[in-house]
Amino acid sequence: MAKGKPQYDAIVIGVGGMGSAALYQLARRGTKVLGIEQYGVAHNLGSSHGISRIIRLAYHEDPAYVPLLKRAYELWQQLEQETKQDLLCITGSIDTNRGDIEGYNGFKNALLSAKQHNLEHEVLTGEQVNARFPGYNLPSDFMAVYQPQGGILASELCIAAHIQAAQSNGAQFQSGEKVESWEVDSSSGTVTVFTDRGQYTASKLVLTAGAWMPDIMPELQSALVVERQVIGWFSVKHPDPNCCTPSGKFPVFLLQDEKDCWYGFPQYGHNGLKIGKFDREDNAVAHPSQLERRVLPQDEQVVVCSACSGHGYKFCSVMGEVLADLALSGNTHHDIEFIRFNKARPGQKEMMHAFHQGGAPVDPAPITFPSKL
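Residues numbered from 1 in each chain as written. Predicted model: local features only at pLDDT ≥ 70, side-chain atom pairs only at ≥ 80, totals over all residues. Heavy atoms only, no water.

## Considering the overall build of the chain
Phase 1: When its secondary structure is counted, the chain shows eight helices and 17 strands.
Phase 2: Within the chain, the fraction of its 373 residues that count as buried is 53%.
Phase 3: If you take every contact in the chain between residues at least 6 apart in sequence, the share linking residues at least 24 apart comes to 71%.
Phase 4: Taken as a whole, the chain presents about 16600 Å² of accessible surface, with 48% of it coming from carbon and sulfur. (Helix = DSSP H or I, 4+ residues; strand = E, 2+ residues; numbered from the N terminus. Buried < 20%, exposed > 50% of the residue type's maximum accessible area, 1.4 Å probe, protein only. Contact = heavy atoms within 4.5 Å. Areas by Shrake-Rupley, 256 points an atom, 1.4 Å probe, with all protein chains shown as cover.)

## Observations concerning the pairing of strand β16 (residues 273-277)
Phase 1: The pairing of strand β13 (residues 231-234) with β16 spans four bridges and is classified as antiparallel. Looking at β16, one finds that Ile231 is bridged to Gly276.
Phase 2: Strand direction decides the pairing type here: strand β15 (residues 261-265) and β16, joined by four bridges, are antiparallel. For Gly264, the partnering residue across the bridge sits in β16 and is Ile275. (Pairing = 2+ DSSP bridges.)

## Remarks on the confidence of the model for the chain
Phase 1: For the chain, per-residue confidence averages 85 on the pLDDT scale, and 82% of positions sit at 70 or higher.
Phase 2: Residue range residues 286-298 is modelled with pLDDT below 50. Its contacts to residues more than four positions away, or to other chains, number 45 contacts.
Phase 3: Here residues 358-373 is a poorly scored stretch, pLDDT under 50, and it has 60 contacts once near neighbours within four places are set aside; other chains count. (pLDDT = per-residue confidence, 0-100.)

The following block contains the structure:
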């Protein structure tokens with residue numbers, strides 16, 4: 001390992017949605033930062049691939065996410081202004097299901113978030129939704145929460161914009177460079193990253209490698225499963241050709257029936273409606289190439305952010321801010337306790353045990369987005 005002063009204040013491994021935002025936030029604070037990406041900008045092999053992601057405020061998963069979302073909106077708009085690009089398209093959002101559905105009720109939970117955080121919203125019947133938005137045809141016994149600030153993020157353009165803004169603020173970005181290993185020198189308080197091109201030293205390391213996290217950190221393998229998420233685009237046959245466009249006539253939606261939960265977008269940058277399904281089963285895939293690394297809980301030089309369970313992209317802008325906070329000061333003013341690793345969550349007890357082996361039983365500070373709370 002190289003001795004002496006580190007080359008960088010921070011290194012970010014994996015420059016997708018989360019990593020590009022962290023790179024930008026670190027750079028804009030005057031940090032000497034390097035971003036390393038094994039593929040290219042907004043490549044098609046990661047979880048941030050694609051032209052669009054939903055962003056919404058009436059968060060049915062848990063009201064605790066809403067303060068992060070409010071800040072995320074501010075930062076997405078700030079990025080638009082700084083890069084002079086259109087990245088956020090407001091369509092409104094619909095959370096809907098039968099009012100008497102048994103078990104989990106996304107409509108009621110979205111309404112709870114809206115009320116708890118005083119969000120602008122309307123409660124509509126299925127028939128009222130259909131009358132206002134002609135691209136919808138909900139059953140009459142469905143109930144819906146309409147929140148006017150929901151919309152679409154141009155996901156790949158957002159990554160490119162974050163990298164562009166980071167470089168404008170002095171960041172160094174290297175693509176097509178594969179990380180082979182990394183290690184912490186506790187005596188000097190530095191981290192060394194070894195790639196197929198060379199090696200780099202830094203005071204802090206931010207790991208945002210998405211699907212490659214279980215290999216960069218084997219301790220995470222018990223908690224993280226890489227899954228394939230399948231979506232489809234569907235052509236529209238309707239007398240009104242604009243009924244399914246983002247012009248205010250077709251909000252993004254989350255629709256729950258007795259068995260499944262679906263999400264969808266209006267026609268945006270593609271010829272057709274984009275529709276996907278949450279929590280698809282039997283879609284686990286093999287991990288990417290293996291890396292050898294053992295991390296101890298006292299490795300304060302390392303910040304981990306992954307995985308985001310299929311609903312994390314909208315948070316990228318604010319999580320970049322959180323990651324910069326953690327890397328530079330070890331804490332953040334944002335409330336992230338409910339998304340930190342926690343041995344009480346299924347599958348994370350074994351992972352926490354793996355962190356503790358060889359080190360003192362101290363809770364580490366990585367963060368994760370639980371898929372279900």
